[in-house]
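Residue-level structure breakdown
Listed below, chain by chain, are the residues.
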Amino acid sequence: MPFDDLEKKELISILELIEQAQRAAGAPDMQKLILRAAGFLEAEFAVCGLARTGIDGLPAVTSFVNGNYPEEFARSYMRGAYYRKDPVTRFHTRYALTRTWSEVFREFEDNDARRVVAEAADYGLRFGVTGALYVPEIDNVAIFTFAGRRDKFGERQKRLADILATHFTRALSKCSRELLLAPGAVFAGEGYPEGLEGKA
């Protein structure tokens, strides 16, 4: 992949993020990494996690690291198993591509998807870009999402997120022993649900 279209400061930021990803050794490091990447991509919010297609054919989140998504929405998302309806999760458990939310939303216009999108928008999660890669060693898809209130996410952000996706996926899969949750497992941390809804 040629990098002639990137500015020098963008290349420096990419190299710094790659170096930080190589050092990541757990959830706190992943959180710092995605928050720094959010700034680079002009996003206000960031989250990452691992997901797979469940036995019922719907997405199941096996773990996640909340960068700075609103806590109330993150709790509702997991407790209500929104990931089973979320267009972003539904798309990226099927396709390992980097896409803007606008592109993904056009693929899923059912009522369940619309409800999740509307509730996310209430928390300022209106626009975004998401990268995803399949990790065969753990049979999960690593998903990285960067979001905001304003639509700053176009081809440039897709390109930058795509470059970072491989390195971030390596970091997340390296941390997966700490992060992976068995179906029904308990989340660590205040305010997280007691278990996952849906089987992985």
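Overview of the structure. Quick caveat: nothing in here was measured; it's all calculated off a predicted structure. (Residues numbered from 1 in each chain as written. Predicted model: local features only at pLDDT ≥ 70, side-chain atom pairs only at ≥ 80, totals over all residues. Heavy atoms only, no water.)

**Describing the nonpolar core**
- Ranked by size, the top nonpolar core spans 33 residues in total, and within it Ile 14, Met 30, Phe 144, Phe 146 and Phe 168 carry the most contacts.
- Elements with a minimum of two residues in this core: α1 (8–23), α2 (27–40), β1 (45–53), β4 (127–135), β5 (140–148) and α7 (155–174).
- Phe 146 has contacts with Ile 34, Ala 37, Ala 38, Leu 41, Ala 43, Phe 45, Ala 46, Phe 127, Gly 128, Val 129, Phe 153 and Phe 168, leaving out every residue within four places of it along the chain.
- Core analysis: the next-biggest nonpolar cluster, separate from the first, contains 21 residues, Val 61, Trp 101, Ala 120 and Ala 147 among them. (Core = buried A, V, L, I, M, F, W, Y, C linked by side-chain atoms within 4.5 Å. Buried < 20%, exposed > 50% of the residue type's maximum accessible area, 1.4 Å probe, protein only. Helix = DSSP H or I, 4+ residues; strand = E, 2+ residues; numbered from the N terminus. Contact = heavy atoms within 4.5 Å.)

**Quick notes on the packing of α1 against α7**
- Between α1 and α7, the least distance of the axes is 8 Å, while the angle of their chain directions is 15°. The orientation of α1 with respect to α7, classified from their angle, is roughly parallel. Once α1 is placed against α7, the crossing between them reads as right-handed. Between α1 and α7, the contacting residues are Glu 10, Ile 14, Leu 17, Ile 18, Ala 21, Gln 22 and Arg 23 on the first element and Arg 156, Leu 160, Ile 163, Leu 164, His 167, Phe 168, Ala 171 and Lys 174 on the second.
- Here the residues of the contact of α1 with α7 are counted per class, giving 9 nonpolar, 2 polar and 4 charged. (Axes fitted to C-alpha atoms, helices over the stretch in contact; angles between N-to-C directions. Parallel < 35°, antiparallel > 145°, perpendicular 65-115°, else oblique. Left-handed = near helix turned anticlockwise from the far one by under 90°. Nonpolar A, V, L, I, M, F, W, Y, C, P; charged D, E, K, R; others polar.)

**Some points on the pairing of β1**
- Here β1 lies mainly inside the structure; 7 of its 9 residues are buried.
- Taken together, the 7 bridges between β1 and β5 define a ladder with antiparallel strand orientation. Considered in β5, the bridge of Ala 46 is made with Phe 146.
- Where β1 and strand β2 (residues 59–66) come together, 7 bridges link them in antiparallel fashion. Paired with Val 47 across the two strands is Asn 66, which belongs to β2.
- Hairpin connection between β1 and β2: a loop of 5 residues separates the two successive antiparallel strands, and Gly 57 in this loop has a positive phi of roughly 85°. (Pairing = 2+ DSSP bridges.)

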